[in-house]
Amino acid sequence: MYRRPLCRPRAIGQHVPMSVLTRDEAQTRAQLLDVHRYTIDLDLTRGEDTFDSRTVIHFTAPTAGDTFVEIKPATLRTAILDGQPLDPETLDGNRLPLTGLAPGDHELRIDAAMRYSRTGEGMHRFTDPTDGETYVYTQLFMDDVQRVFAAFDQPDLKAVFALTVTAPGNWTVLGNGIAEHQGAGRWTIAPTPLISTYLVAVAAGPWHSVRTHHAGLPFGIHCRRSLASHLNADAEEIFDITRACYDRYHEKFEEPYPFDSYDQAFVPEFNAGAMENPGLVTFRDEFVYRSAVTDTERQTRAMVIAHEMAHMWFGDLVTLQWWDDIWLNESFAEYMGYQTLTEATRFTDTWTDFAVARKGWGYDADQRPSTHPVAPDPDAVPDTASAMLNFDGISYAKGASALRQLVAWLGEKDFLTGINTHFARHRFANATLADFIDNLASATDRDVHAWAGQWLRTTGADTLTPRTAEAGGHWHLSVDQDGSRPHRIAVGTYDHDLVDSRSLVLRERFEIDVPQGESVTVRAGRRPALIVLNDGDLTYAKIRLDKESEESALRTLSGIPDPLTRAVVWNCLRDMVRDGELEPVTHLETARAHLPDETDLAILQGVLAFAATHITDRYLSPAARPTGVATLTSLCRDLIRRTEDGTSPGLRLTAVRHFIDAATQPDGIQDWLHSGSVPGGPELDPALRCASCAASPYSAPPTKPPSPPNSTATPAPPARKAPPAASPPSPPPRPKPPPGPACSRTTPSPTTSSPPPPKASGNPNRPPSYATTSPATTATPKPSRPPRPRHRRSRGTPRLPPLRRRHGLPAPRRGLPARHRDDPGPAPQTRRPARRPAPRHRGTGKLTHRGPVRRNATAHHHRPAPPDRAPYQLHAANSPLPRGSTTFGLRSLSTPDAPAPACTRWCASPAHPKDHA
């Protein structure tokens, strides 16, 4: 499974919670049962709420005993064990007891009606608002198989699965094996090899499919019909990546691909990044790009493809025995995904993207109180619920970094020898961390067990700091280590270029082992201008620069020749800011000085994202924040000017996105909106258009609303062609509402009368914008005080759902991690529109609520910020917004619990998709 940094937690259904399976229960059941085969019949034609599920399980009990089978039905019709009916009333939550099992073979038959899911677990059902077509697909990870069919739901009870599916006549059914249509809506899916229950997959609907063959196997990619044109545009690229990775894995692994086909389905409303179902990998359909994207974002999609294909061997062929080893599946796939992409495709600098976009995720998670070892102790994962806590940057980024260090320490040849031994010994079975380490140790003379104890059973990040001295025409290097892990690292030494003082040239790169003990590295010549530990980013450790190297880096960072080395230095500066060793302003000034000359797009995106979401919105004081935002805006403007010749469209697109995010005034952006493009490109596609619309609240509306998506009428000219307004519209006689977000509030049409004002109320907690004169206040009016502006949206106006759900379009800033921006501090006064009032808090008085107060979108009372949070949070206007965001200008203020806004302005552009998981 591929997850993105800081993804939202899994949604929980509204039904009675299921009992979690404990490790002890799983071990006991595994000793009692040997499961052979599941025969499953699903009927998807029973309505919009439920589907029928009939399951036959063949299993053997070596000894007598009692156990249970899991199922979470809407209605359990019948349960028959060895021809004897069981009482459906004995179902306790999600467990149906199986008592008095005798030694020997058994057959269990269960007939049930199951609920469709709308939260991404079990059988998810989605109706496309664009064309009304319906799609269903399964996501059975961890313990959700029991939402679809009855099962002994634990990973070490592998079995063969044979599925039959009844679907509407115009649907196509996909599964783990080749699916054949038998007529009358009946589909049979080829039986699987031995796999775990959580890997079973079905996807059904009127899919748009593109198919090919490679290495004697059918390959296919699928999406909903409304995205057909977008998938067709990228189909060859997706197939090229898939074929290249498939061939490279067969060069690395002696075990051939173990399944009969390879389908990739891009499914809607997926609550993860992707899932490694054997033979049918499911991806969130935001990876079907519908707007302009950078090459780094295409690389991210390619890496996810490579990541999920690696799981076909590590995870599907050889599966964990219990969930404490889930890290090994994900760490291995993460490492192999980046390494294979580098070796087999045009994306040769993927480790630079890993260093900038993924590794910081691991460092952050590893420095929180909630940190845990890469390989947690089995007692720390006593049940399936606790296993979910380990899906974070440690299991993915830190684990992949640890494996990369292991490869550097062992050598790639010995590492792959151990991996192939692991596959041969445990194919179509289960294995533990101990099995993995034993198999690696069999291929080398190094003490892999000791390495595993130091790297995988400990927490925190080591810190490496160089110390240098000069004597007798030589310079000496020693490394101070804060931590205890062994490291095999490269040291890069750089001198100033004699021609260009802002550039550096590599003197030499050599490897050392840390800790060094009493030894000191001695090199000939004068001390280099810059010394970079962990050059090449082969280990997982925070590095520091000595004083001379820090001064050189701040002056010449963009002149370092290798992009991966630049990424290591940028990460060093990032960590120094987070650890309080470097002023945030210094980091921002360094970005201002060097990013205009940066050529690597991954570095540019990563540093800009950190500057925007951490430096300006979190670390700068309220007094310094306006200057910081102005610096960021100026930086983006320089990047836009630099790319006017069209040589770097991806860099230009990144700069435009961040310019829209960072700007505090709509000047310039308003011109882009009216002309329909940025001068010199890019054009304003739906994502950029909605961000620009939010940035420009006084934009002139089109003379005619756009036609509905399926309308056959001649479309009106695009709104972006409307002439710009000469000046903002004149205010009406009554006070004008504050200039709210262009894409977050319902704007009445010119022909629709305004709704009546809210009725009077004496509620003392009602915000001033909505409070009317109560009997207590009429006796002492204040005629000198101007009336409060009324909120743009009346209490009776329904809130529309987010347009991402209505149109299924992608996030505007694909490829960047979705972040929660906690504690940015109060919004500076300079970011508020001039005409926006700042009413005082009139709540209980128990909390001091500094800054303007906005009414909650669904309740007529204040929601003061909790004591441990700033009253408002700042968010980029075209970033995925959290619940409760209300945008004005280009920045946004959010309250903790209000519903998410909907884009309803005349631009009709989706711009607020939910956070990526």
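Residues numbered from 1 in each chain as written. Predicted model: local features only at pLDDT ≥ 70, side-chain atom pairs only at ≥ 80, totals over all residues. Heavy atoms only, no water.

This paragraph deals with the overall build of the protein. Along the protein, the regular secondary structure elements total 20 helices and 31 strands. Out of the 917 residues in the protein, the part that is buried amounts to 59%. Taking the intrachain contacts of the protein between residues at least 6 apart in sequence as the baseline, contacts between residues at least 24 apart amount to 72%. (Helix = DSSP H or I, 4+ residues; strand = E, 2+ residues; numbered from the N terminus. Buried < 20%, exposed > 50% of the residue type's maximum accessible area, 1.4 Å probe, protein only. Contact = heavy atoms within 4.5 Å.)

Let us look at the packing of helix α11 (residues 547-556) against helix α13 (residues 584-594). Relative orientation of the contacting elements α11 and α13 amounts to 45 degrees, with a least axis distance of 8 Å. Classified by the angle their axes make, α11 and α13 are oblique. Here Ala553, Leu554, Arg555 and Thr556 of α11 come into contact with α13, specifically with Thr586, Thr590 and His594. (Axes fitted to C-alpha atoms, helices over the stretch in contact; angles between N-to-C directions. Parallel < 35°, antiparallel > 145°, perpendicular 65-115°, else oblique.)

So, about the sheet that holds strand β9 (residues 134-139). Taken in spatial order, the four strands make up an open sheet running β8-β9-β14-β11, and their pairing is antiparallel. The outermost strands of the open sheet, each flanked by one partner alone, are β8 (122-127) and β11 (172-175). Within this sheet the neighbouring strands show an average axis-to-axis angle of 10 degrees, counted without direction. Judged from the six bridges that link them, β8 and β9 form a sheet pairing that is antiparallel. In the sheet register, phenylalanine 126 faces β9, and the bridge partner there is tyrosine 135. (Pairing = 2+ DSSP bridges.)

So, about helix α2 (residues 228-252). Helical geometry: 3.6 residues make up each α-helical turn, so side chains three or four residues apart lie on a common side. Across its 25 residues, α2 extends 34 Å between first and last C-alpha, which sits within 8% of the 36 Å expected from 1.5 Å per residue. At aspartate 234, α2 is bent by approximately 50 degrees, the largest bend along its length. (Expected span 1.5 Å × (residues − 1). Bend = angle between axes of the 7 residues up to and from the residue.)

Our focus in this paragraph is the confidence of the model for the protein. Model confidence for the protein is summarised by a mean pLDDT of 80, while 74% of its residues fall at 70 or above. Every residue in residues 6-16 scores below 50 in pLDDT, and together they form 22 contacts with partners more than four places removed in sequence or on other chains. Low pLDDT (under 50) marks residues 698-917, which in the prediction has 434 contacts with non-local residues, meaning those over four places away or in another chain. (pLDDT = per-residue confidence, 0-100.)

Glancing now at the nonpolar core. Of all hydrophobic cores here, the largest spans 221 residues; its most connected members are Tyr38, Leu44, Phe149, Phe152, Trp323 and Leu456. Other than its neighbours up to four places away in sequence, phenylalanine 149 contacts Tyr38, Ile40, Ser53, Thr55, Glu70, Met114, Leu140, Phe161 and Val200. (Core = buried A, V, L, I, M, F, W, Y, C linked by side-chain atoms within 4.5 Å.)

Moving on: unusual backbone geometry. The phi angle of most residues is negative, glycine excepted, and most peptide bonds adopt the trans form. Cis geometry marks the peptide bond from valine 514 to proline 515; its omega dihedral reads 5 degrees. Positive phi values are uncommon outside glycine, yet methionine 142 reaches one of about 70 degrees. Within the secondary structure layout, methionine 142 lies in the loop between β9 and β10 (160-166). Given a relative accessible area of 2%, methionine 142 falls into the buried group. Positive phi outside glycine occurs at alanine 184, with the angle close to 60 degrees. Structurally, alanine 184 can be placed in the loop between β12 (179-183) and β13 (186-189).

Take the side chain of histidine 587 next. Its place among the elements puts histidine 587 in helix α13. With residues near it in sequence (within four places) discarded, histidine 587 still touches Trp570, Leu573, Arg574, Val577, Leu582, Val607, Phe610 and Ile615.

This paragraph deals with the sheet that holds β10. One open sheet holds the eight strands; their spatial order is β5-β4-β7-β2-β1-β10-β13-β12, and the pairing between them is mixed. Only two strands of the sheet have a single neighbouring strand rather than two, namely β5 (84-85) and β12. Sheet topology note: the β10/β13 ladder contains four bridges and is antiparallel. Considered in β13, the bridge of threonine 166 is made with arginine 186.

We now examine the side chain of threonine 55. Position of threonine 55 relative to the elements: it lies in strand β2 (residues 50-61). Exposure remark for threonine 55: the relative accessible area of 2% places this residue in the buried category.

The next thing to look at is the pattern of salt bridges. In this structure the tally under the stated criterion is 52 salt bridges. Among the salt bridges present, the one from arginine 248 reaches glutamate 343, with a minimum N-O distance of 2.8 Å. Taken as a pair, arginine 248 in helix α2 and glutamate 343 in helix α4 (residues 326-344) lie far apart in primary sequence, 95 residues in all. The partner of arginine 523 in a salt bridge is glutamate 508, and the shortest N-O contact between them spans 2.7 Å. Separated by 15 residues along the polypeptide, arginine 523 in strand β26 (residues 521-524) and glutamate 508 in strand β25 (residues 504-514) bring together distant segments of the chain. Because the salt bridges share partners, they merge into one network encompassing Arg46, Asp52, Arg54, Arg77 and Asp111. (Salt bridge = Lys/Arg side-chain N within 4 Å of Asp/Glu carboxyl O.)

Remark: a regular strand shows side chains that alternate across the two faces of the sheet. Burial analysis of strand β3 (residues 65-70) places five of its six residues in the buried class, the great majority of the element. Here β3 pairs with strand β6 (residues 95-101) via five bridges, running antiparallel. Pairing of valine 69 across the sheet is with leucine 96, part of β6.

A few words on the packing of α2 against helix α3 (residues 295-310). Orientation of α2 relative to α3, taken along the N-to-C sense of each, is 40 degrees, at an axis distance of 10 Å. It follows from the interaxial angle that α2 and α3 lie oblique. The handedness of the crossing between α2 and α3 comes out as right-handed. Contacts from Asp234, Glu237, Ile238, Ile241, Thr242, Cys245, Tyr246 and Tyr249 in α2 reach Arg298, Arg301, Ala302, Ile305, Ala306, Met309 and Ala310 in α3. (Left-handed = near helix turned anticlockwise from the far one by under 90°.)

This part takes up the environment of asparagine 94. When you line up the elements, asparagine 94 lands in the loop between β5 and β6. The buried category is assigned to asparagine 94, whose relative accessible area is 0%. Expressed as a C-alpha distance, the spacing of asparagine 94 and valine 20, which sit 74 residues apart in the sequence, is 9.2 Å. For asparagine 94, the side chain forms a polar contact with the main-chain nitrogen of serine 19, separated by 3.0 Å. (Polar contact = N/O pair within 3.5 Å; in protein donor to acceptor, adjacent residues only side chain to side chain.)

This part covers α13. Among the residues making up α13, those that are buried are Pro584, His587, Leu588, Thr590, Ala591 and His594. Angularly, the buried residues of α13 cover 155 degrees about the axis, an arc narrow enough to put them on a single face. Buried residues along α13 sit against α11, α12 (563-578), α14 (601-619) and α15 (625-642). (Arc of directions from axis to C-beta.)

Here we take up the packing of aromatic side chains. Considering all chains together, one arrives at 39 aromatic pairs under this definition. Note on tyrosine 249 and tryptophan 313: the rings are 5.6 Å apart at their centroids and 50 degrees apart in plane angle, and the pair reads as tilted. Placement of the pair is tyrosine 249 in helix α2 and tryptophan 313 in the loop between α3 and β20 (318-320), with a sequence separation of 64 residues. We note that tyrosine 249, like tryptophan 313, is buried. (Phe/Tyr/Trp six-rings, centres within 6.5 Å; stacked < 30°, edge-to-face > 60°.)

A few words on the environment of serine 484. Within the element layout of this structure, serine 484 appears in the loop between β23 (474-482) and β24 (487-496). Along the primary structure serine 484 and aspartate 462 are separated by 22 residues, whereas in three dimensions their C-alpha atoms are 7.3 Å apart. Aside from chain neighbours lying at most four places away, what touches serine 484 is Gln454 and Asp462.

This next bit is on the environment of lysine 252. Relative to the helices and strands, lysine 252 is located in helix α2. Residue classification places lysine 252 among the buried residues on the basis of a relative accessible area of 5%. Between the C-alpha atom of lysine 252 and that of threonine 417, which follows or precedes it by 165 residues, the distance is 9.3 Å. Among residues more than four places away in sequence, those in contact with lysine 252 are Met336, Gln339, Thr340, Glu343, Glu412, Leu416 and Asn420.

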